[in-house]
Amino acid sequence: MKISNYLFFISMFLWFGACAQTVKTDASNAGLKLPKGFTAIKAADGLGSARHIAVASNGDIFVKLGKLKNGKGIYLLHDANNDGRFEKMDGFGNYTGTGIFLKDEYLYASSDTQVFRYKLSANNKPLDENHPEKIITGLIDRHEHESKSIVLDNDGNIYVNIGAYSNSCQENDRATGSMGINPCPILDSAAGIWQFKSDKQNQTYGDGVKYATGLRNVVGLDWNTQTNSLFAMQHGRDQLHDIFPAMFTEKQSADLPAECMYELHKGSNCGWPYIYYDWIQHKKILAPEYGGDGKKDGADSIQDPVVAFPGHLAPNGLLFYTGDMFPEKYKNGAFIAFHGSWNRAPEPQKGFFVAFVPFKDGKPNGDWEIFADGFSGKTTISSPGDAIHRPCGLAQGPDGSMYVTDDVKGTVYKIMYTGK
């Protein structure tokens, strides 16, 4: 070997050694309850309404904020000394929202009416942070379920959730005894997932495809690379007892309907507002606004969920884990960040945890379990405002760790497996 080559390899070895992450773990796991062998730290804190998150190949993190912090809606976090904690935080973008995604040297981010993209430099800095490309404009925002979650596939498409500006498409929204509008006019421009081109500017509804319909609101989206398909977590409808007190007890209203995971394909119909899914009876139920009584079956033509969770947990993040750090049981499985309920009273509010669903060959393979708990900091939650932290976004680090955002105080948790 030439001396010059030898010196090059030695220098590279020393460089990688200097850059190797030396994370000092937290004996309290940052307040989280985790399975044996896992640990967690607070990688960042104080960001405020930290929603969804994207991680670059060098470990830098982009966080989308639901509320501006110092006038900025996106923050780029950098770990300068490789200790797992982000000391440097730079903000840009003067709009709020929830969606953020990295793909092919571009950063995509959403407001409540638009989707933007930023060309990134080699060190992941936006080349022009003040003038992003407008990829999609004119999306509906009527101040209910208005946030636009996004995800990209590997074929040049971007998928955008457009939530329903209604609970159950009643003639009078959330009014006791009010029946549903039939057909529901909201389905024309909301309550579904729209597909657009990821590189075409100034697209509107007319340029997009209504990819999936009948989804009241989706905050957690992910593209499953194993199945090459889109998965979504729906927020189920509210207030069965409040609207139809003679038909549903308070307990039934607290538990129903299910929060559902769907595998979506072009043309999928998940049934909102005409049906809901009952995870106790394991079937689709005709909605009371459309003649149901809590027992009548929903239409067979409507798609079944792949997983059904108890009601009102508010799934806000979805991540299919493809890393190598976690044990084999987690490979290709789904993590879901449950933001926590508001409408289970007089029952205690639930959620405020990250769940895990094992998958095999692209299908659920076993019961779901709570993976990370303790975000709320309380044993019993009467109101969501009682929770100290509420998990929202999920992302996988280049080392196989997992990041979880909290949109109360703006904490970013880093969860790692050490085996200890």
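See above for the structure.
Since the model is a prediction, treat every value here as computed from it, not as a measurement. (Residues numbered from 1 in each chain as written. Predicted model: local features only at pLDDT ≥ 70, side-chain atom pairs only at ≥ 80, totals over all residues. Heavy atoms only, no water.)

Caption draft 1: Representation of the packing of aromatic side chains within the structure. Applying the stated criterion to the full structure yields 31 aromatic pairs. Three or more aromatic residues joined by ring pairs form one cluster here, namely F38, Y321, F326, Y330, F335, F356, F371 and Y417. For the cation-ring pair, R117 lies above Y106, with the distance from its terminal atom to the ring centre recorded as 3.6 Å. Note that K119 overlies the ring of Y106, its terminal NZ or CZ placed 4.9 Å from the centroid. (Phe/Tyr/Trp six-rings, centres within 6.5 Å; stacked < 30°, edge-to-face > 60°. Lys NZ or Arg CZ within 6 Å of the ring centre and 35° of its normal.)

Caption draft 2: Region of interest: the pairing of strand β6 (residues 100-103). Alignment of β6 against strand β7 (residues 106-110), held across four bridges, turns out to be antiparallel. Across the sheet, F101 pairs through a bridge with Y108, a residue of β7. The turn linking β6 back onto β7 is made up of two residues, and D104 within it adopts a positive phi angle of 50 degrees. (Pairing = 2+ DSSP bridges. Helix = DSSP H or I, 4+ residues; strand = E, 2+ residues; numbered from the N terminus.)

Caption draft 3: Region of interest: the sheet that holds strand β23 (residues 353-357). In space, the four strands of this open sheet follow the order β21-β22-β23-β26, with antiparallel pairing throughout. Of all the strands in the sheet, just β21 (315-320) and β26 (369-372) have a single pairing partner and so form its edges. Within this sheet the neighbouring strands show an average axis-to-axis angle of 30 degrees, counted without direction. Taken together, the five bridges between strand β22 (residues 334-338) and β23 define a ladder with antiparallel strand orientation. Directly across from A337, in β23, lies its bridge partner V354. (Axes fitted to C-alpha atoms, helices over the stretch in contact; angles between N-to-C directions.)

Caption draft 4: Representation of the side chain of R117. Relative to the helices and strands, R117 resides in strand β8 (residues 115-119). Residue class for R117 comes out buried when judged on its relative accessible area of 8%. Of the polar contacts made by the side chain of R117, one reaches the side chain of E133; its length is 2.7 Å. Residues contacting R117, with those up to four places away along its chain left out, are Y106, L107, Y108, P132, E133, I135, S198 and D199. (Buried < 20%, exposed > 50% of the residue type's maximum accessible area, 1.4 Å probe, protein only. Polar contact = N/O pair within 3.5 Å; in protein donor to acceptor, adjacent residues only side chain to side chain. Contact = heavy atoms within 4.5 Å.)

Caption draft 5: Examining the state of the cysteines more closely. If you walk through the whole model with that rule in mind, you get one disulfide. At a sulfur-sulfur separation of 2.1 Å, the disulfide partner of C169 is C184. Handedness of the C169-C184 disulfide follows from its S-S torsion of about 100 degrees: it is right-handed. Placement of the pair is C169 in the loop between β11 (157-162) and β12 (192-197) and C184 in the loop between β11 and β12, with a sequence separation of 15 residues. Exposure remark for C169: the relative accessible area of 1% places this residue in the buried category. Classification of C184 as buried rests on a relative accessible area of 5%. Sulfur of C260: no disulfide; nearest cysteine sulfur belongs to C270 and is 8.5 Å away. Of the residues examined, C260 reaches a relative accessible area of 1% and is grouped as buried. We note that C392 lacks a disulfide partner, and the nearest cysteine sulfur, in C260, lies 19 Å from it. You can call C392 buried: its relative accessible area is 0%. (Disulfide = S-S within 2.5 Å.)

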